[in-house]
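# Examination of the molecular architecture
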Amino acid sequence: QTHLAESGGDSVQAGGSLRLSCKSSSYTYSVPMAWFRQAPGKEREAVASIEPDHKETYYSDSVKGRFTISVSNAANTLYLEMNDLKPEDSAVYYCAADRHAWRLRMSPNGYKYWGQGTQVTVSS
């Protein structure tokens, strides 16, 4: 069983920055990966995804221009750089890996493996 572990979540002021990390216990090769988030009372939503070959990236409209997704194959680690954070970014952030199909790249139903999540809280 592949295990994913997120870290880096914290409480910050609006306008601040954070870098989230997601460490894989077993991956030694590139696979599609993504970040999702879920706020209390809301459904899980996609934040960003990245493809394995040429590192094509996709972002939700709400984070485009502020967040950057990247991956280190050598370290088996996915990253999410978050800048200019807003209160509406507050959520539990989850990483996901090994997508079923390209058309599901931004769907919570599109990935096989998930981490436990890390809390991000942004105060105004």
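This text gives an overview of the structure that appears in the document. The model shown is predicted, which means the values in this text are computed figures rather than measured ones.

### Examining the environment of alanine 46
Summarising the element assignment, alanine 46 is placed in strand E5 (residues 45–50). Taking the C-alpha atoms as reference points, alanine 46 and tyrosine 58, separated by twelve residues in sequence, lie 9.7 Å from one another. Non-local contacts of alanine 46, meaning those with residues more than four positions away in its chain, are made with Trp35, Phe36, Ser60 and Met106.

### Considerations on the state of the cysteines
For the structure shown, the criterion picks out one disulfide. A sulfur-sulfur separation of 1.9 Å characterises the disulfide bridge that pairs cysteine 22 with cysteine 95. Here the disulfide of cysteine 22 and cysteine 95 is right-handed, its torsion about the S-S bond being about 50°. Separated by 73 residues along the polypeptide, cysteine 22 in strand E3 (residues 18–24) and cysteine 95 in strand E9 (residues 91–99) bring together distant segments of the chain. Assessed through its relative accessible area of 0%, cysteine 22 is described here as buried.

### Focus on the nonpolar core
By size, the foremost hydrophobic cluster in this structure holds 25 residues, and its most contacted members are Trp35, Leu80, Met82 and Tyr93. For this core, the elements supplying multiple residues, two or more each, are E3, strand E4 (33–38), E5, strand E7 (67–72), strand E8 (77–82), E9 and strand E11 (118–123). The greatest single-element share of this core, amounting to four residues, is contributed by E9. Within the second largest apolar cluster, five residues are counted, among which are Ala34, Phe36, Ala96 and Tyr111.

### Some remarks on the sheet that holds E7
Read from one edge of the open sheet, four strands run E1-E3-E8-E7, paired in antiparallel fashion. For this open sheet the edge positions go to strand E1 (4–7) and E7, each flanked by a neighbour on one side alone. Strand-to-strand twist across the sheet, computed as the mean angle between neighbouring axes with direction ignored, equals 15°. As paired strands, E1 and E3 are joined by four bridges and run antiparallel to one another. Across the sheet, residue leucine 4 finds its bridge partner in E3, namely serine 24.

### Comments concerning the pattern of salt bridges
The full count for this structure, using the stated rule, is seven salt bridges. Between arginine 99 and glutamate 51 there is a salt bridge, and its shortest N-O distance comes to 2.4 Å. Remark: glutamate 51 occurs in the loop between E5 and strand E6 (57–59) and arginine 99 occurs in strand E9; sequence separation between them is 48 residues. Glutamate 51 gets classed as buried once you look at its relative accessible area, which sits at 9%. For lysine 112, the salt bridge goes to aspartate 98, with nearest N and O atoms at 3.8 Å. Linking lysine 112 in strand E10 (residues 111–114) with aspartate 98 in strand E9, this pair joins segments that are 14 residues apart in sequence. Of the residues examined, lysine 112 reaches a relative accessible area of 46% and is grouped as partly exposed. Since its relative accessible area comes to 18%, aspartate 98 is described here as buried. A cluster of three or more residues bridged by salt bridges with shared partners is formed by Arg37, Glu45, Arg66 and Asp89.

Rules and cut-offs
- Residues numbered from 1 in each chain as written.
- Predicted model: local features only at pLDDT ≥ 70, side-chain atom pairs only at ≥ 80, totals over all residues.
- Heavy atoms only, no water.
- Helix = DSSP H or I, 4+ residues; strand = E, 2+ residues; numbered from the N terminus.
- Contact = heavy atoms within 4.5 Å.
- Disulfide = S-S within 2.5 Å.
- Buried < 20%, exposed > 50% of the residue type's maximum accessible area, 1.4 Å probe, protein only.
- Core = buried A, V, L, I, M, F, W, Y, C linked by side-chain atoms within 4.5 Å.
- Pairing = 2+ DSSP bridges.
- Axes fitted to C-alpha atoms, helices over the stretch in contact; angles between N-to-C directions.
- Salt bridge = Lys/Arg side-chain N within 4 Å of Asp/Glu carboxyl O.

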